[in-house]
Amino acid sequence: RIVDVEAFLNVYPFDTLSKSFAITIEEDRYASWNEGTYEIVVSDERSVSIKKVKQTILPKLTISVQRFAQLFLGYRSIEELLFHEFMEADEEVISIIESIEPKKTPILEDYF
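So, how was this worked out
Residues numbered from 1 in each chain as written. Predicted model: local features only at pLDDT ≥ 70, side-chain atom pairs only at ≥ 80, totals over all residues. Heavy atoms only, no water. Helix = DSSP H or I, 4+ residues; strand = E, 2+ residues; numbered from the N terminus. Rg over C-alpha atoms; globule rule 2.2 N^0.38 Å. Buried < 20%, exposed > 50% of the residue type's maximum accessible area, 1.4 Å probe, protein only. Contact = heavy atoms within 4.5 Å. Areas by Shrake-Rupley, 256 points an atom, 1.4 Å probe, with all protein chains shown as cover. Lys, Arg positive; Asp, Glu negative; His and termini not counted. Charge placed at Lys NZ, Arg CZ, Asp CG, Glu CD. Pairing = 2+ DSSP bridges. Salt bridge = Lys/Arg side-chain N within 4 Å of Asp/Glu carboxyl O. Axes fitted to C-alpha atoms, helices over the stretch in contact; angles between N-to-C directions.

Participant: Tell me what's going on with the overall build of the chain, and back it up with residues and numbers.
Facilitator: Looking only at helices and strands, the chain features four helices and five strands. Each helix and strand of the chain, ordered N terminal to C terminal, gives the series α-β-β-β-β-α-α-β-α. By the compact-globule yardstick of 13 Å for 112 residues, the chain fits well, its C-alpha radius of gyration being 14 Å. Expressed as lengths along the three principal axes of its C-alpha atoms, the size of the chain is roughly 50 × 30 × 30 Å. Counting all 112 residues of the chain, 39% fall into the buried class. Taking as baseline every contact in the chain between residues at least 6 positions apart, the subset at least 24 positions apart corresponds to 61%. For the chain, the exposed surface amounts to about 7,400 Å²; the carbon and sulfur share of it is 51%. Each charge class in the chain can be summarised by its mean position, and for the 12 positive and 21 negative side chains these summaries are 2 Å apart.

Participant: Could you give an account of the pairing of strand 4 (residues 60-63), with specific residues and numbers?
Facilitator: When strand 1 (residues 21-25) meets strand 4, the two strands line up parallel, connected through four bridges. Bridge pairing links Ile23 to Leu61 in strand 4. Of the strand pairs in this sheet, strand 4 and strand 5 (residues 87-89) are connected by three bridges, and their pairing is antiparallel. From the neighbouring strand, Thr62 faces strand 5, where its bridge partner is Glu88.

Participant: Can you tell me about helix 4 (residues 91-100), naming the residues and giving the values?
Facilitator: All buried positions along helix 4 are accounted for by Val93, Ile94, Ile96, Ile97 and Ile100. In this structure, the buried side of helix 4 is in contact with strand 1, strand 4, helix 2 (65-72), helix 3 (78-83) and strand 5.

Participant: Give a detailed account of the pattern of salt bridges, specifying residues and quantitative values.
Facilitator: Within the structure shown, the criterion is met by two salt bridges. A salt bridge links Glu80 to Arg76; its shortest N-O distance comes to 3.6 Å.

Participant: Now, about the sheet that holds strand 4: what can you tell me, with residues and values included?
Facilitator: One open sheet holds the five strands; their spatial order is 3-2-1-4-5, and the pairing between them is mixed. At either margin of the open sheet sits one strand with a lone partner, and together these are strand 3 (48-53) and strand 5. Adjacent strand axes in the sheet meet at a mean angle of 15 degrees when their direction is disregarded. Strand contacts of helix 2: strand 1 and strand 4, with the helix running at about 120 degrees to strand 4, the strand carrying the most contacts. The strands touched by helix 4 within the sheet are strand 1, strand 4 and strand 5, with strand 1 carrying the most contacts at an inclination of about 95 degrees.

Below, the structure written as structure tokens:
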């Protein structure tokens with residue numbers, strides 16, 4: 001569960017990001033402050049800034065907070081989520097997300 005999407009995006013490793021895009025969180029029943037559109041903007045110096053906006057002209061990914069967590073924590077790929085129609089994405093966003101999504105599946109280790 002991601003409790004604060006904006007804070008999560010501010011610490012996400014966008015090291016290889018080369019193009020700006022936007023993410024719209026369409027539904028979060030338990031944390032309505034997460035709903036909205038976030039622009040992830042790459043400057044000329046390759047630094048990344050995150051800001052919540054009302055509207056955007058950037059290529060956009062529209063997703064629920066649950067699917068957002070699955071995608072950005074590496075549990076599901078963008079291809080899987082698109083195949084099952086769990087999200088909508090402009091064509092340009094697909095390649096951007098593929099370049100930054102985690103390549104390893106997360107595990108929960110239990111040492112009891």
